[in-house]
Amino acid sequence: MNDGPNARDVKRWRQYLADERAEAAVYRDLAGRRVGEEREILLALADAEGRHEQHWRNLLGERVGMPLKGDIRTRILGVLARRFGSVFVLALAQRAETRSPYATDSDATDAMTADEQIHAEVIRALAARGRNRLSGTFRAAVFGANDGLVSNLALVLGISGSGVSNQIVLVTGLAGLLAGALSMGAGEYVSVRSQRELLEASSPDSAARDAVQHLDVDANELALVYRARGMTHEEADAKAAEVLRVLPADEMAPDVDQHESIGTGLGAAGASFCFFASGAVIPVLPYLFGLEGYVALAVAAVLVGIALICTGLVVGLLSGGPPVKRALRQLAIGYGAAGATYLLGLAFGGGV
């Protein structure tokens, strides 16, 4: 005879119910900060979480009891969604969807398990839109900050290891800050500007799109365009015939604005310069405040370590990967480079 669910089942179901309610609230909060298609997609996700919530309500029946709180991660996500609604929140929501326990819980339906997997892909796609909008400048900012932190810490430690005075260490650190920031800014400008020019050279000409409606249907020159893009003869003919039949205005336009993901040359250069300088000044701060010797080295190393952990966490959050792992990786790489340079400074200083 089946006496119904045990206390452990009821507790688990009530927690699932609370989590689904909290996740639906997160999506509604995110939708409130968006318009158009993104808003509709997020509201549809909230409705789906509502269906999952109803499933657990049905199982619980009269055992629903007082509402529980969602898990701590979902509650933090809700606070962030209400305050910010940025791509970072979407990246966190993406990770939350991938942690769903439904795949291993027999009380969840196969449809619910599939829903959670698809939700993760939907959020991944929405987060990708945000990443495309800031990736060029953000990439320059993160790389600039990390380069400034690591390179100037290595420079300061290397010079300190050689046994020179604190004044020389300070001047060398400031010179490294200025030279590195200018170099990074100039390099980013040239790099991004060159990428945009290459894209512009490869993008379809608007005049060619306007000419589509005047093409000779029998000659069908448009098929050559698609063959040049890599289609087979048959695929190109079929595609060209379809285009000539419906004549959409944007048929020859690229699907994605690749310029947007690259950013602008001035934006990338400015971000790279400022963030390199902000990172490079951290190893110099102890010397600016009059600290000397091993105390200054230790304080510089700790400050840079904290900054490396922060940038690693940011990269991890934005990429949807494990933020702690990214932070520890940043820390290990930065300290490894700086430690090697310090040992070289000791070696060369002893030789001199």
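All values reported here derive from a predicted model rather than from experimental measurement.

Caption draft 1: Quick look at the overall build of the protein. When helices and strands are counted, the protein shows 14 helices and zero strands. The helix and strand sequence of the protein, counted from the amino end, reads α-α-α-α-α-α-α-α-α-α-α-α-α-α. Across the 352 residues that make up the protein, the buried fraction comes to 38%. When contacts within the protein are restricted to residue pairs at least 6 apart in sequence, those whose partners lie at least 24 apart make up 76%.

Caption draft 2: A look at the UniProt feature "transmembrane region" (unreviewed entry) in the protein. What UniProt calls "transmembrane region" (unreviewed entry) maps, in this numbering, to residues 140-161, 167-186, 266-289, 295-319 and 331-350. Secondary structure over residues 167-186 splits into 100% helix and 0% strand, and the C-alpha atoms at its two ends are 29 Å apart. Secondary structure content for residues 266-289 is 79% helix and 0% strand, while the C-alpha to C-alpha distance between its ends is 33 Å.

Caption draft 3: Molecular detail of the pattern of salt bridges. By the definition in use, this model includes five salt bridges. Via salt bridges that share partners, Asp 9, Arg 12, Asp 105 and Asp 107 belong to a single interconnected network.

Caption draft 4: Examining the environment of Gly 161 more closely. Mapped onto the fold, Gly 161 is located in helix α5 (residues 110-161). Through-space distance from the C-alpha of Gly 161 to that of Leu 346 is 4.5 Å; in sequence the pair is 185 residues apart. If sequence neighbours within four positions are ignored, Gly 161 has contacts with Tyr 342, Gly 345 and Leu 346.

Caption draft 5: Focus on the nonpolar core. Ranked by size, the top nonpolar core spans 19 residues in total, and within it Leu 149, Leu 153, Leu 157, Tyr 287, Val 304 and Leu 308 carry the most contacts. Of all the elements in the fold, those that place two or more residues in this core are α5, α6 (166-202), α13 (293-319) and α14 (323-351). Of the residues forming this core, the biggest block, six residues, is contributed by α13. Listed in part, the 13 residues of the second largest apolar core include Leu 42, Leu 45, Ala 46 and Ile 123.

Caption draft 6: Expanded view of helix α1 (residues 7-31). Look at α1: 36 Å from first C-alpha to last across 25 residues, which is about the 36 Å you get at 1.5 Å a residue. Looking at where α1 begins, the residue whose side-chain oxygen comes 3.1 Å from the main-chain nitrogen of Arg 8 is Asn 6.

Caption draft 7: Layout of the side chain of Gln 330. Examined against the element boundaries, Gln 330 turns out to sit in helix α14. With relative accessibility at 16%, the residue Gln 330 sits in the buried group. Setting aside residues no more than four positions away along its own chain, Gln 330 makes contact with Asn 146, Leu 308, Thr 311 and Gly 312.

Caption draft 8: Structural view of the confidence of the model for the protein. Mean pLDDT for the protein: 75, with 71% of residues reaching 70 or above. Least confident of the elements in the protein is helix α10 (residues 258-262), whose mean pLDDT is 48; most confident is helix α12 (residues 285-288), at 90. This stretch, residues 214-219, has a pLDDT under 50; its non-local contacts, to residues over four places away or in other chains, come to four contacts.

Calculation rules
Residues numbered from 1 in each chain as written. Predicted model: local features only at pLDDT ≥ 70, side-chain atom pairs only at ≥ 80, totals over all residues. Heavy atoms only, no water. Helix = DSSP H or I, 4+ residues; strand = E, 2+ residues; numbered from the N terminus. Buried < 20%, exposed > 50% of the residue type's maximum accessible area, 1.4 Å probe, protein only. Contact = heavy atoms within 4.5 Å. UniProt positions renumbered as here; feature names shortened; annotations may be inferred. Salt bridge = Lys/Arg side-chain N within 4 Å of Asp/Glu carboxyl O. Core = buried A, V, L, I, M, F, W, Y, C linked by side-chain atoms within 4.5 Å. Expected span 1.5 Å × (residues − 1). Polar contact = N/O pair within 3.5 Å; in protein donor to acceptor, adjacent residues only side chain to side chain. pLDDT = per-residue confidence, 0-100.

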